[in-house]
Amino acid sequence: MDEAKMNTAEAMPDPSRRKFLNTAALAGLAGAGLSVGLSACNNESGSKPAAPAAAPAAAPAAAHREPHLKPGELDTYYGLWSGGHTGDFRVLGLPSGRELHRVPCFNADPLIGWGITNESKAVMGTKADGSLKYTVADTHHTHASYKDGNYDGRYAWINDKINSRIARIRLDYFICDKITELPNVQGFHGIFPDKRDPVDPAINYTTRVFCGAEFHTPLPNDGRDLDSLDKYRTLFSCVDAESMEVRWQVLIDGNCDLVATSFDGKLAATNQYNTEGGARYEDMMSAERDACLFFNIARIEQAVKDGKFKTYGSSKVPVVDGTKAANADPKTALTAYVTVPKNPHGVNASPDGKYFICAGKLSPTGTVIELAKVLDWFDGKLDELDKAIVAEVEIGLGPLHTAFDGRGNAYTTLFLDSQIVKWNVEAAIKFHAGDKNAQYVVDRLDVHYQPGHINASQSETMFADGQWLAVGCKFSKDRFLPVGPLHAETEQLVDISGEKMVLVADHPVRPEPHDFIIFKRELLQPKQVYDLNEFPLAVKDPKEAGVFRDGNKVTVKITSMAPAFEPREFRLKVGDEVTLIMTNLDKIEDLTHGFAIPKYNINFICNPQETKSVTFKVDKPGIFWCYCTHFCHALHLEMRSRMIVEA
Ligand code: K7E
Ligand code: CUA
Ligand code: CA
């Protein structure tokens, strides 16, 4: 960072802060580099939690609805949040902002027993010795499955940027049931399910999930071409929503960032900030324009069917050629590179199905691309692809992501301005077409501070309802009690039901969730009790419980029913290889039991009618009181089984 400039910015008298930033940062962006940088330091008053930040700038003055619920009241919306570094998936109730659940996906979790039970290890992936293949992840984006343009409550997906994995969460039980590692790519970042099939009108629901990979590497990345940057490439991937297998990939020029899909199923797109193919940030921002890269899904799948693909390394996934050179003829092109200003970030589909909106990041603009025109280009009816751009308007500094209210307005986060800008899309189109009287900026709201993702209730569906908006602020600075050097992030709630945005609540979140979606609670019908028959290993009756020995291979079958395990004791020998299977036979909602074995590093829960198993080597003689870790009954503490291990 440029320290001198930073300090100058801090020394500036406050009233002109925004003006100063606007001019300085614009100058910086227009010039050679980022003189007013992209970090947080140049905004706001510096790092001192000065006098408890004189009433927030945007103290809710206007009339707004109360987000707080009375005891016993339920939220009206679900929020599905990504966990960030923690690798999990979080469930919030809105408008209260209460966190209801964390679903472990890529991360071990001692409550659930995720990463400990055999079933979860099978989902997460293991090495030959049975230990987890990966123990770290970085989740950014979560999106749910669609039917008829709305969420259908079947699945959500979430990405792991570090190890290029996609996880699926079943929304009936709120558990992760599959994880797929994408071949040939690094830095898998953007993710979006399709909303219907491009060809078959009967398939009006999600069957594909698209994945954009951010980092380019040699292909295959096996030690070849290490120093030949011009040979590095990245791929856009399609994963089957049901099987979770990778269906196909597209070799592209430039990189992928975030992903959007059209409501008609025909198009997917990814924003590209590194069309330069640079390895250093200076190189990645050398071009004035980058691209929003469109994929013609039907044509790509036809090309795969026709055998027009390659494979790389040990991967069997068909890879079609989506590079510019191979796709110059619109009539046969699989891809279309629409140019957008310098290093765009988010791309979001408007709920009317008409537009994709790209946020400029290094450019203070929002770009509106009309999808019908992109399709015209593919049909040979539009002479120049960039004519699909129907607006490219200034909205503020550091635009990152956009949400919608279903009333024609877009809400874009401005990272550098620490604001949300509300702008009217049709007015922006008019302005771009030459009507300089068209007022497209409707409102601005200060947020705290440096916002990234933003989303509104139902915003990513055709049923955007314009009620609540949440914004994920990257820096909380003085908004919460300090807890040492690591600050919570601020998830702020905004009432968008009126003309003016009204900030109504701050919530601290553990860094860093990035993205989330918000939708009506009626769209989910979670189940509270499992079906015993979903588990092939289920111990269906306490009479089936006991120790079953085959040499040193031992199966211990256990049932739980408050307040007792069956058997109450079991006998093992050092050297045994034990698989312990437990079924919770309680059928009552909310009656979960846990099972922990001291000194053996084992703990997991079994929800009503659920079965789990763990496999471990018996290596310590003695008495080990296996106990219930989940408060279940007045005799919860007495709920134990004695593991007796002979030397
Ligand atoms: Cu903008 Cu990973 Cu969606 Cu973070 S990305 S904010
Ligand atoms: Cu069973 Cu506590
Ligand atoms: Ca660039």
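Calculation criteria
Residues numbered from 1 in each chain as written. Chains lettered and ligands numbered in written order. Predicted model: local features only at pLDDT ≥ 70, side-chain atom pairs only at ≥ 80, totals over all residues. Heavy atoms only, no water. Helix = DSSP H or I, 4+ residues; strand = E, 2+ residues; numbered from the N terminus. Rg over C-alpha atoms; globule rule 2.2 N^0.38 Å. Buried < 20%, exposed > 50% of the residue type's maximum accessible area, 1.4 Å probe, protein only. Contact = heavy atoms within 4.5 Å. Areas by Shrake-Rupley, 256 points an atom, 1.4 Å probe, with all protein chains shown as cover. Lys, Arg positive; Asp, Glu negative; His and termini not counted. Charge placed at Lys NZ, Arg CZ, Asp CG, Glu CD. Donors = N, O, S within 2.8 Å, 3.2 Å for Na, K, Ca; no water. Polar contact = N/O pair within 3.5 Å; in protein donor to acceptor, adjacent residues only side chain to side chain. Phe/Tyr/Trp six-rings, centres within 6.5 Å; stacked < 30°, edge-to-face > 60°. Lys NZ or Arg CZ within 6 Å of the ring centre and 35° of its normal. pLDDT = per-residue confidence, 0-100. Near = heavy atom within 4 Å. Nonpolar A, V, L, I, M, F, W, Y, C, P; charged D, E, K, R; others polar. Pairing = 2+ DSSP bridges. Axes fitted to C-alpha atoms, helices over the stretch in contact; angles between N-to-C directions. Core = buried A, V, L, I, M, F, W, Y, C linked by side-chain atoms within 4.5 Å.

Peer 1: Where do I start with the overall build of the protein in this structure?
Peer 2: Helix and strand counts for the protein come out as 7 helices and 39 strands. The C-alpha radius of gyration of the protein comes to 27 Å, within 12% of the 26 Å expected for a compact globule of 647 residues. Each principal axis of the C-alpha atoms in the protein carries an extent, and together these give about 85 × 65 × 50 Å. The proportion of buried residues among the 647 residues of the protein is 57%. Partitioning the intrachain contacts of the protein with sequence separation of at least 6 by distance along the chain shows that 61% fall at a separation of at least 24. Accessible area of the protein: about 26,800 Å², with a carbon and sulfur share of 54%. Positive and negative side-chain charges of the protein, numbering 71 and 85 respectively, have mean locations separated by a distance of 3 Å.

Peer 1: Sorry if this is basic, but what is going on with the coordination of the calcium ion (ligand 3) here?
Peer 2: A metal bound by six donors in octahedral fashion has ideal angles of 90 or 180 degrees, whereas one bound by four tetrahedral donors has an ideal angle of 109.5 degrees. The protein atoms donating to the calcium ion (ligand 3) are Tyr273 (O), Glu276 (OE), Glu276 (OE), Met284 (O), Asp290 (OD), Asp290 (OD) and Asn343 (OD1), with metal-donor distances spanning 2.2 to 2.8 Å. Linear spacing of the donor residues for the calcium ion (ligand 3) on their chain is Y-x2-E-x7-M-x5-D-x52-N. Given the relative accessible area of 24%, Glu276 is considered partly exposed. For Met284, a relative accessible area of 18% puts it in the buried group.

Peer 1: Help me understand the side chain of Thr413, please; the structure alone is not making it clear to me.
Peer 2: Tracing the backbone through its elements, the reader meets Thr413 in strand β22 (residues 409-414). Residue classification places Thr413 among the buried residues on the basis of a relative accessible area of 0%. Separated by 2.6 Å, the side chain of Thr413 and the backbone oxygen of Gly452 make a polar contact. Ignoring any residue separated from it by four or fewer positions in sequence, one finds Thr413 in contact with Gly398, Pro399, Leu400, His401, Gln419, Pro451, Gly452, His453, Ile454 and Val471.

Peer 1: Is there a simple way to explain the packing of aromatic side chains in this structure?
Peer 2: Aromatic ring pairs: the centre-centre distance and the angle between the two ring planes describe each pair. One pass over the full model with this rule turns up 20 aromatic pairs. Relative to Phe516, the ring of Trp81 has its centre 4.2 Å away and its plane inclined at 10°; by these criteria the two rings are stacked. With Trp81 in strand β1 (residues 77-82) and Phe516 in strand β29 (residues 516-520), the pair connects residues that are 435 residues apart, well separated along the chain. Taken together through their ring pairs, the aromatic side chains of Tyr78, Tyr146, Tyr151, Phe174, Phe192, Phe263 and Phe519 make up a single cluster. In this structure, Lys324 packs its charged tip against the face of Tyr337, placed 5.1 Å from the ring centre. Sitting above the plane of the Tyr449 ring, Lys477 keeps its charged end 5.2 Å from the centroid.

Peer 1: Would you mind showing me how to read the confidence of the model for the protein here?
Peer 2: The predicted model of the protein averages 92 in pLDDT, with 90% of residues at 70 or higher. Low pLDDT (under 50) marks residues 1-38, which in the prediction has 47 contacts with non-local residues, meaning those over four places away or in another chain. Predicted confidence is poor over residues 40-60, with pLDDT under 50, and the contacts of this stretch with residues over four places away or in other chains come to 33 contacts.

Peer 1: Just checking my understanding: could you explain the site of ligand 1 for this structure?
Peer 2: Around ligand 1 sit His140, His141, His189, Leu258, His345, His401, Gly452, His453, Lys474 and His514, and those are all the residues in its vicinity. Of the residues belonging to the shell around ligand 1, the class tally is 1 nonpolar, 8 polar and 1 charged.

Peer 1: Help me understand the pairing of strand β21 (residues 399-404) in this model?
Peer 2: Side-chain positions along a regular strand alternate between the two faces of the sheet. Where burial is concerned, most of β21 is hidden: 6 out of the 6 residues are buried. Here β21 folds back onto β22, and the loop between the two strands holds 4 residues, one of which, Gly406, carries a positive phi near 80°.

Peer 1: How should I be thinking about the sheet that holds strand β7 (residues 175-181) in this particular structure?
Peer 2: By definition, the strands of a sheet pair up through backbone hydrogen bonds, in either a parallel or an antiparallel sense. Spatially, β4-β5-β6-β7 is the arrangement adopted by the 4 strands of the open sheet, whose pairing is antiparallel. Sheet topology places β4 (142-147) and β7 at the edges, where each strand pairs with a single neighbour. Within the sheet, the average angular offset between the axes of one strand and its neighbour, ignoring direction, is 30°. Note: strand β6 (residues 165-170) against β7, 6 bridges, orientation antiparallel. Residue pairing for β7: Ala167 is matched across the bridge by Ile179.

Peer 1: Just checking my understanding: could you explain the nonpolar core for this structure?
Peer 2: In terms of nonpolar packing, the biggest core is built from 48 residues, with Leu80, Phe89, Leu171, Phe174, Phe236 and Trp248 touching the most fellow members. Ranked by the residues each element gives to this core, the list is headed by helix α5 (residues 297-305), at 4 residues. With residues up to four places along the chain from it excluded, the contact list for Trp248 reads Phe210, Phe236, Ser237, Cys238, Ile297, Ile300, Glu301, Val304, Val317 and Pro318. If you look at the next biggest cluster of nonpolar residues, it comprises 26 residues, including Leu572, Leu580, Val618 and Cys632.

Peer 1: Honestly, the environment of Leu537 in this entry has me stumped. Any pointers?
Peer 2: Along the chain, Leu537 turns up in the loop between β29 and β30 (546-550). Considered as a pair, Leu537 and His636 are 99 residues apart in the sequence and their alpha carbons are 25 Å apart. In contact with Leu537, not counting residues within four places along its chain, are Glu119, Ile581, Thr611 and Ser613.

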